[in-house]
Amino acid sequence: MNLIALDLDGTALDSTGKLTEKVVEAIQRRAACDTYRFAFCSGRPMSGVLPHAKTAGIADDYHVIANGAVVQNGHGQKLAEELLDFADYRELTIFCRENGLSCIAVNDQGATTTFPMINVGTLEFCFLTNNHLKVCAMNELDPNDKYSKLLICDNPDIIKQNKSMVEQRFSQDYSCVQGYPTMIEFAKKNVSKGNALAELANYYGISDNQVFVVGDNGNDLSMFERFSQSIAMGNATPELKQAAKWHCPTNDEDGVVKALEMIDDFIT
């Protein structure tokens, strides 16, 4: 058995955020045999992954979500979970207020923010992940709450201007990645797609050379560093292309179809 790890945005999904018919057919055909298992590996929470997993016919399988904070199947069963605390959310909220930024917290109940002015990054996150946004004061939240991820959200220019400052402040204590131009995402320090995928491979009892990864962005780099059989999309970042073993066409050219064909050729 071989495990195929597919990023969603910019990889399996086209630029309109959809799985094309060709990509769906390519995944479904391989998922129907014993040779392959699939896992979507995404920065999205399960609410943003499950609809696509159902369309592709792999909802019963485990998926790496929230950039590796959770490994979960479509029935809600969790294989692994590394969550942030309320204190982490409070720390990020204070930082954002001091620097003119805003943040949200995400868990199984949805997305929460203490910032009443909703910006384009927050709207994009809620749209991509099928989440409603709850706005409430910090003292109205349960201090026992846990979160799969925290995000600083804004328009791309503001994120770009503040990224270095944010990483300098938080990267020693948290995993900080940018999967979208409008968001900087935070998780526990040891959390990454690569580590979570390794745990999933161990659960299936397969070796590293039976794992293939396909991605396009910075939050996929940990998978490319962990597993050598990696394929970068034609629209991938230069850093990811440099780390990849192979390359395929862009997500708007059904690049995942070609990537799966490359994997077929490699294992036969």
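Our structure's up above, just so we're on the same page.
How each quantity is defined
Residues numbered from 1 in each chain as written. Predicted model: local features only at pLDDT ≥ 70, side-chain atom pairs only at ≥ 80, totals over all residues. Heavy atoms only, no water. Helix = DSSP H or I, 4+ residues; strand = E, 2+ residues; numbered from the N terminus. Rg over C-alpha atoms; globule rule 2.2 N^0.38 Å. Buried < 20%, exposed > 50% of the residue type's maximum accessible area, 1.4 Å probe, protein only. Core = buried A, V, L, I, M, F, W, Y, C linked by side-chain atoms within 4.5 Å. Disulfide = S-S within 2.5 Å. Pairing = 2+ DSSP bridges. Contact = heavy atoms within 4.5 Å. Axes fitted to C-alpha atoms, helices over the stretch in contact; angles between N-to-C directions. Expected span 1.5 Å × (residues − 1). Right-handed = clockwise from strand over helix to strand, strands pointing away. Phe/Tyr/Trp six-rings, centres within 6.5 Å; stacked < 30°, edge-to-face > 60°.

This next bit is on the overall build of the protein chain. Along the protein chain, the regular secondary structure elements total 10 helices and 16 strands. Relative to its length of 268 residues, the protein chain is compact, with a C-alpha radius of gyration of 18 Å against a globular reference of 18 Å. Seen through its principal axes, the protein chain has C-alpha atoms that stretch 55 × 35 × 35 Å. Looking at the protein chain as a whole, 56% of its 268 residues are labelled buried.

Attention shifts here to the nonpolar core. Ile4, Leu6, Ile27, Phe38, Phe40 and Leu260 are the most contacted members of the largest nonpolar core, which totals 37 residues. Breaking this core down by element, the ones donating at least two residues are strand S1 (2-6), helix H1 (8-12), helix H2 (21-31), strand S2 (36-40), helix H3 (46-56), strand S14 (211-215) and helix H10 (255-267). At 6 residues, H10 tops the list of elements feeding residues into this core. Ranked by size, the runner-up nonpolar core spans 25 residues in total, among them Leu3, Val71, Ala196 and Val213.

Looking now at the state of the cysteines. This model, assessed by the stated rule, comprises 0 disulfides. As a non-bridged cysteine, Cys126 has Cys153 as the owner of its nearest cysteine sulfur, 7.9 Å distant. Residue class for Cys126 comes out buried when judged on its relative accessible area of 12%.

Take the sheet that holds S1 next. Sheet architecture is open: 5 strands sit in the order S2-S1-S14-S15-S16, paired in parallel fashion. Each edge of the open sheet is held by one strand with a lone partner, namely S2 and strand S16 (246-247). Helix H7 (residues 193-204) rests against S1, S2 and S14 of the sheet, and its axis sits at about 155° to S1.

A word on H10. The terminal C-alpha atoms of H10 lie 19 Å apart, and with 13 residues this matches the ideal 18 Å at 1.5 Å per residue to within 8%. Among all positions in H10, only Gly255, Val256, Val257, Ala259, Leu260, Met262, Ile263 and Asp264 are buried.

Pairing geometry for strand S7 (residues 103-107) and strand S8 (residues 110-113), over 3 bridges, is antiparallel. Counterpart to Val106 in the pairing with S8 is Ala111. The hairpin formed by S7 and S8 contains 2 residues between the paired strands. Summarising the sheet, S8 and strand S9 (residues 133-135) pair through 3 bridges and their orientation is parallel. Counterpart to Thr112 in the pairing with S9 is Lys134. On the question of chirality, the crossover connecting S8 to the parallel S9 by way of helix H5 (residues 120-129) is right-handed.

Before going further, it helps to spend a moment on the packing of aromatic side chains. Counted by the stated rule, this structure contains 10 aromatic pairs. Aromatic pair Tyr89 and Tyr147: ring centres 5.4 Å apart, planes at 65°, arrangement edge-to-face. Separated by 58 residues along the polypeptide, Tyr89 in helix H4 (residues 86-98) and Tyr147 in strand S10 (residues 146-147) bring together distant segments of the chain. By the burial criterion, Tyr89 is buried, and Tyr147 matches it. Measuring from centroid to centroid gives 5.4 Å for Phe170 and Phe186, while their planes differ by 85°, and the two rings are edge-to-face. On the criterion of sequence distance, the pair formed by Phe170 in helix H6 (residues 156-170) and Phe186 in strand S13 (residues 183-188) is long-range, its members being 16 residues apart. Per residue, the accessibility class of Phe170 equals that of Phe186, and both read buried.

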